[in-house]
Amino acid sequence: MRSQNLIAMSFFEYKDIVEEGDLVLAFISRNDIKPIRVTKNAILNTRYGNFLHNDMIGSPYGKQMAGAKGYGFIHLLHPTAEMWTISLPHRTQIVYTHDSSYIMQRLNVVNGSRVIEAGTGSGSFTHSFSRSVGLKGRVFTYEFHEPRYLEAKREIEDHGIDVNTFITHRDVCQDGFEIQVPENFHNGDNKINAQVIFLDLPSPWIAINNLNNVIDPQMKVGICCFSPCIEQVHKTVESLQENGWVDIEMVECRGKRWEARKEMVRDVNDVIKRLKDIQSRRDHGIESRKRVKLEQQEDKEAGVPRGFNPFGKGERVKEGDINYSWKDVTKIESEIKTHTSYLTFAFKVPLIIPE
Amino acid sequence: MEFKNKKIITENQHALIRLPSDGMKIIDLKTDGKISLGKFGNFEVKDIVGYCFGQSFEILNDGTVVPIKSMSEQVNIEQPEDEELDRDILTKIFSNSAENNQNIINIGSKIQKLTHEDINELKESGASSNIGQLIISKMIEGHEGFDKKTIHSQQKYLKRKQAKFLRRFTVEYLNSAQLMNYYMEKDLNRLLDMSQETLGLMLNYSNVRPGGKYLLVDETGGLILYAMLEKMGFEGEVLLVHENEHPNYSMLKHCDIPEDVLDKSVKFINWLQILEPSNERIDFEVLSDEQISGLRGGKRAQYFRRLKRANDINHVIDSIETGNFDGFISVTTLDATTFLPYVIPLVGGSRPICIYSQFKETLMEIQHGLMNDKRILAPSIYETRVTPFQTIPGRLHPVMTMRGFGGFVLTGTKVIPQENGIQAVGRGLSKRRREESPQVEKTEDSSDTKSEDIKSEDTKSEEDIEIDEN
Ligand SMILES: C[S@@+](CC[C@H](N)C(=O)[O-])C[C@H]1O[C@@H](n2cnc3c(N)ncnc32)[C@H](O)[C@@H]1O
């Protein structure tokens, strides 16, 4: 019998073999990763071929799998929070790994941390938080838009992250964060006691007023407000100051991706040689450039090598073709994110007088 | 043994001290200990124990400390005794300030009437509990240009002065981020230029979490190891690969990790043991209980020492032979192209590898090498940079300068390619032509399938460089 438990745990530990019922990320290309629930007799159709779920069952994770017709392939990837972020169905803007990883590093989100997040949105950061705080930690996430709340709730349960993640349908600006904390989500005091707060909603400065009763009263608590506009930051900073938060600092985080590429080395001496070659060919009785072209066309079709052609002019040359010389270079992705949001960090230190 | 307290300042553990000058210091909170902060004064450990980590303090003239709201707080909780210098005056000075700073000609020391003797006198007078604040206020008085400055430059001015004279400090819990901040100040080279955001990115791309089993190369002397252990909460295992006879994880000496916990969650292995595991296995003759009881004291201790060593080494050799690591993380100046062939087979299917370098070019070479290696899917080089802003409402702008470097990360996913290769739906042709007649290519003889993964985002590219005649 397959273990129901393990299947629901994929964001907390790796499995080696794909089983029926698993959440698998079918990697077609970096921009095309399809989350699928492995189901007997189901077929994944892609423009690179069709893939039988039955063939996935029993395969190792990471396997390169052939299409049903023997050509085209996908890779069967195990879900991770980072892969989920690039494959999830978008219902809102989401937080990407460059931002989320920095936020978690700066706010020290680790095994056992207790986190508040609002709003849930598409649940990108929710998955990342859930993975990072582990089974000892807890994530309290809030979403006021009902269809989005329902969708996120279903997903949280479906992915088994409900073991440490609790979602509430709530307008946190109007009604705050206090909830009836479920049994295994508190330490006997019915309290949230959040140590880390992440606010990704339009008016964080209002929500900040509602945090006092839900943060850990015995510890330095960190907050990050994620807002695209500078006017929002302004209001947020003022609200943080009024509410006794200190060490307030806003930053911006920018990520880039680079690819290793090859650039053809084109030597001017080869240009000279080529020009001479053309000249000599012309001198040998070919009068017009038209003729040269025509002849080249014929040569090509007949597979006859044409004149000296050091750079493959007019031909398709594959990057890295061993018949040419190349140098290694890097190229940035064609479109980069210039701005996701401003990240406003602050901390609150409760004054505990010893004894 | 117990874990250190993360919330409350507790005796017999380490903490990070932040000073008004932005300087940092790691201290050991020994019971009955006394801590010296140089020109910022001294204090006793017992006076700060019991407060929350993150608490700021001010050192009074009698050497005791009082908690204050934050280090940047400009006026003390206690009112200065000197009437003239109280909050009202400061407020008045602020409200007198010009809207802009066009009238300020020179904010040099020339326009300060207060001499060093004056300052020393004030320091020695010791009448008030707020020497620092007093000095600053006097300086403002003696500073003719002060009220002509904008509020903003006054704040900056105050901050500079505070840094010099205020006897304040903040006690922070020493987590990996703080440890990193400390070494950034103290010895950046040890971090191989790595920034906080790059470390964060690596920990996430390598999916470090409780219960994982990771292979790590950490040349920083333990920062990456500490950050991982913290994330994992000491659940799971890190196998630290080192190039010398003994591993260097000296940064952990500040981290108060109980020895038995460290023993359980960190194992060590050198490159030779990775490359030649079977040669390095230790054959150890285990004695019977009787034989052991026959050993004299010294011999006996030695026997157990050797037994432990043999078990430790054989255990790590077992884990290398089992492989299936949940991730490979590398922060080293060793050339990764020389060790990846040995490491890639050790990583489990669908698990990440994550390689750091100070230099993009170094990672570029690795990526080129991986292009034809079908075992690593979609390797890419990532860069992340955080720009801090001056965070004063109404005057928000990026700071003028920041550290220019922070390193790069190459990450990809270990996969299991099909032995005989699969016919890939080709990409070598233009889109239109491909649609007309689906081309089929062998994955074996080209790096096409790789380029497909990598390059599909770049629409105007690239396998085909077409150079037109004329
Ligand atoms: C940009 S999305 C959050 C995306 C999320 N961080 C992610 O990574 O997927 C913002 C969400 O906040 C919700 N929201 C806005 N105001 C709210 C409020 N006052 N209370 C609760 N949720 C709110 C919106 O419905 C929206 O789904």
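Source: prediction; values computed, not measured.

Novice: When you look at the side chain of Thr 411 of chain B in this model, what are you seeing that I'm missing?
Specialist: Residue and element names in this part refer to chain B. Tracing the backbone through its elements, the reader meets Thr 411 in strand 15 (residues 408-414). One polar contact links the side chain of Thr 411 to the main-chain carbonyl oxygen of Ile 353, over a distance of 2.9 Å. Leaving out residues up to four positions away in the same chain, Thr 411 has contacts with Tyr 205, Ile 353, Cys 354, Ala 378, Pro 379, Ser 380 and Tyr 382.

Novice: Help me out: how do you make sense of the pattern of salt bridges in this one?
Specialist: Between side chains of opposite charge, pairing is possible as soon as their charged atoms come close. Applying the stated rule across the entire model yields 36 salt bridges over all chains. We note a salt bridge from Lys 136 of chain A to Glu 235 of chain B, for which the minimum N-O separation is 2.7 Å. In this pair, Lys 136 of chain A is assigned in the loop between helix 5 (124-133) and strand 8 (138-143) and Glu 235 of chain B in the loop between helix 8 (223-232) and strand 9 (237-242), connecting two distinct chains. Given the relative accessible area of 57%, Lys 136 of chain A is considered exposed. For Lys 30 of chain B, the salt bridge is made with Asp 28 of chain B, and the minimal N-O distance between the two is 3.5 Å. According to the relative accessible area criterion, Asp 28 of chain B is partly exposed, its value standing at 28%. Residues participating in the shared-partner salt-bridge network are Arg 30, Arg 257, Glu 259 and Glu 333 of chain A.

Novice: It is not clear to me how the site of the ligand should be interpreted in this structure. Could you clarify?
Specialist: All names here are of chain A. For the ligand, the set of nearby residues contains 22 residues, the closest of which are Glu 143, Arg 148, Asp 171, Val 172 and Asp 200. Take Arg 170: an N or O atom from its main chain is 3.3 Å from a nitrogen atom of the ligand. Here Asp 171 contributes a side-chain N or O atom positioned 2.8 Å from a nitrogen atom of the ligand. Contact with the protein chains covers 92% of the free accessible surface of the ligand, which is 610 Å². Listing elements by their share of the shell around the ligand, those giving two or more residues are helix 5 and helix 7 (172-175). Across the shell around the ligand, the residue classes break down as eight nonpolar, nine polar and five charged.

Novice: Just checking my understanding: could you explain the packing of helix 14 (residues 336-343) of chain B against helix 15 (residues 360-371) of chain B for this structure?
Specialist: All names here are of chain B. Contact pair helix 14 / helix 15: the axes reach a minimum separation of 10 Å and the direction vectors enclose 40 degrees. Considered as vectors, helix 14 and helix 15 are oriented oblique to each other. In this structure, helix 14 crosses over helix 15, and the sense of that crossing is right-handed. Between helix 14 and helix 15, the contacting residues are Ala 336, Thr 337 and Leu 340 on the first element and Glu 365, Ile 366 and Leu 370 on the second. Looking at side-chain class alone, the contact of helix 14 with helix 15 contains four nonpolar, one polar and one charged residues.

Novice: What should I look at first to understand the interface of chain A and chain B in this one?
Specialist: A common way to report how large an interface is uses the accessible area buried once the components associate. Facing 103 residues of chain A, the contacting portion of chain B comprises 99 residues. With both sides pooled, the region where chain A packs onto chain B buries about 8700 Å², and carbon together with sulfur makes up 52% of that total. In terms of surface lost to chain B, no three residues of chain A exceed Tyr 14, Gln 105 and Arg 316 of chain A, which account for 9% of the buried area on that side. Here Lys 220 of chain A ties to Glu 172 of chain B by a salt bridge, and the two come within 2.7 Å at their closest N and O atoms. At the surface where chain A touches chain B, the tally comes to 37 residue pairs in polar contact (both at pLDDT 80 or more). Ranked by residues supplied to the side of chain A that touches chain B, first place goes to strand 12 (residues 246-264) of chain A with 17 residues. Looking at the side of chain A that touches chain B, its residues break down into 41 nonpolar, 29 polar and 33 charged. As defined by bridge partners, strand 12 of chain A adjoins strand 13 (residues 376-390) of chain B across eight bridges and the pair is classed as antiparallel. Across the sheet, the residue bridging to Cys 253 of chain A is Val 386 of chain B, located in strand 13 of chain B.

Novice: Help me out: how do you make sense of the side chain of Arg 138 of chain A in this one?
Specialist: Residues and elements named next belong to chain A. Along the chain, the position of Arg 138 falls in strand 8. No salt bridge is formed by the buried Arg 138; the nearest opposite charge belongs to Asp 162, separated by 10 Å. Contact partners of Arg 138, with chain neighbours within four places excluded, come to Ser 113, Arg 114, Val 115, Val 133, Val 163, Asn 164, Asn 184 and Phe 185.

Novice: Help me understand the domain arrangement of chain A, please; the structure alone is not making it clear to me.
Specialist: Residues and elements named next belong to chain A. The domain architecture assigned to chain A consists of domain 1 (4-79) and domain 2 (83-255 + 338-348). Placing the centre of domain 1 and that of domain 2 at their C-alpha centroids yields a distance of 31 Å. On the domain 2 side, the residues contacting the 11 residues of domain 1 number 15 residues. Buried surface at the junction of domain 1 and domain 2, summed over both partners, amounts to about 1200 Å²; 75% is from carbon and sulfur atoms. At the boundary of domain 1 with domain 2, the tally comes to one salt bridge. Taking the shortest distance from any N to any O, the salt bridge between Asp 158 and Arg 37 comes out at 3.0 Å. Our count for the contact surface shared by domain 1 and domain 2 stands at one residue pair in polar contact (both at pLDDT 80 or more). The set of elements that each furnish at least two residues to the side of domain 1 that touches domain 2 consists of strand 1 (23-29) and strand 2 (32-37). With three residues, strand 2 is the single largest residue contributor to the side of domain 1 that touches domain 2.

Novice: Is there a simple way to explain the nonpolar core in this structure?
Specialist: Soluble, globular proteins show a tendency: their nonpolar side chains are buried together. Residues and elements named next belong to chain B. Membership of the largest hydrophobic core comes to 63 residues, with the highest contact counts inside it found for Phe 43, Phe 169 and Met 228. The element that contributes the greatest number of residues to this core is helix 8, accounting for eight residues. Structurally, this core is a two-domain feature, drawing no fewer than three residues from each of domain 1 (14-171) and domain 2 (176-267 + 334-414). Beyond its immediate sequence surroundings of up to four residues, Phe 43 is in contact with Ile 17, Ile 27, Gly 33, Lys 34, Ile 35, Leu 37, Ile 48, Ile 59, Gly 63, Val 65 and Phe 169. Among the nonpolar cores identified, the runner-up in size contains 33 residues, and Ile 274, Ile 320, Val 347 and Ile 366 belong to it.

Novice: Would you mind going over the state of the cysteines with me for this structure?
Specialist: In protein chemistry, a disulfide is the covalent bond that joins the sulfur atoms of two cysteines. In the structure shown here, the tally under the stated rule is zero disulfides over all chains. Lacking any disulfide linkage, Cys 253 of chain A is separated from the closest cysteine sulfur, that of Cys 224 of chain A, by 10 Å.

Novice: Would you mind going over the domain arrangement of chain B with me for this structure?
Specialist: All names here are of chain B. Assigned domains of chain B: these are domain 1 (14-171) and domain 2 (176-267 + 334-414). Listed by partner, the interface residues are 11 residues for domain 1 and 11 residues for domain 2. Regarding the contact of domain 1 and domain 2, the summed buried area is about 890 Å², with carbon and sulfur atoms giving 61% of it. The tally of links between domain 1 and domain 2 comes to zero salt bridges. Counting every contact that joins domain 1 to domain 2 gives one residue pair in polar contact (both at pLDDT 80 or more). Of all elements in the fold, only strand 1 (14-18), strand 2 (24-28) and helix 5 (151-165) reach the threshold of two or more residues within the side of domain 1 that touches domain 2. Here the side of domain 1 that touches domain 2 is built from residues that sort into three nonpolar, four polar and four charged.

What counts and what doesn't
- Residues numbered from 1 in each chain as written.
- Chains lettered and ligands numbered in written order.
- Predicted model: local features only at pLDDT ≥ 70, side-chain atom pairs only at ≥ 80, totals over all residues.
- Heavy atoms only, no water.
- Helix = DSSP H or I, 4+ residues; strand = E, 2+ residues; numbered from the N terminus.
- Polar contact = N/O pair within 3.5 Å; in protein donor to acceptor, adjacent residues only side chain to side chain.
- Contact = heavy atoms within 4.5 Å.
- Salt bridge = Lys/Arg side-chain N within 4 Å of Asp/Glu carboxyl O.
- Buried < 20%, exposed > 50% of the residue type's maximum accessible area, 1.4 Å probe, protein only.
- Near = heavy atom within 4 Å.
- Areas by Shrake-Rupley, 256 points an atom, 1.4 Å probe, with all protein chains shown as cover.
- Nonpolar A, V, L, I, M, F, W, Y, C, P; charged D, E, K, R; others polar.
- Axes fitted to C-alpha atoms, helices over the stretch in contact; angles between N-to-C directions.
- Parallel < 35°, antiparallel > 145°, perpendicular 65-115°, else oblique.
- Left-handed = near helix turned anticlockwise from the far one by under 90°.
- Buried area = accessible area lost by both parts, 1.4 Å probe.
- Pairing = 2+ DSSP bridges.
- Lys, Arg positive; Asp, Glu negative; His and termini not counted.
- Domains from an automatic or database assignment.
- Core = buried A, V, L, I, M, F, W, Y, C linked by side-chain atoms within 4.5 Å.
- Disulfide = S-S within 2.5 Å.

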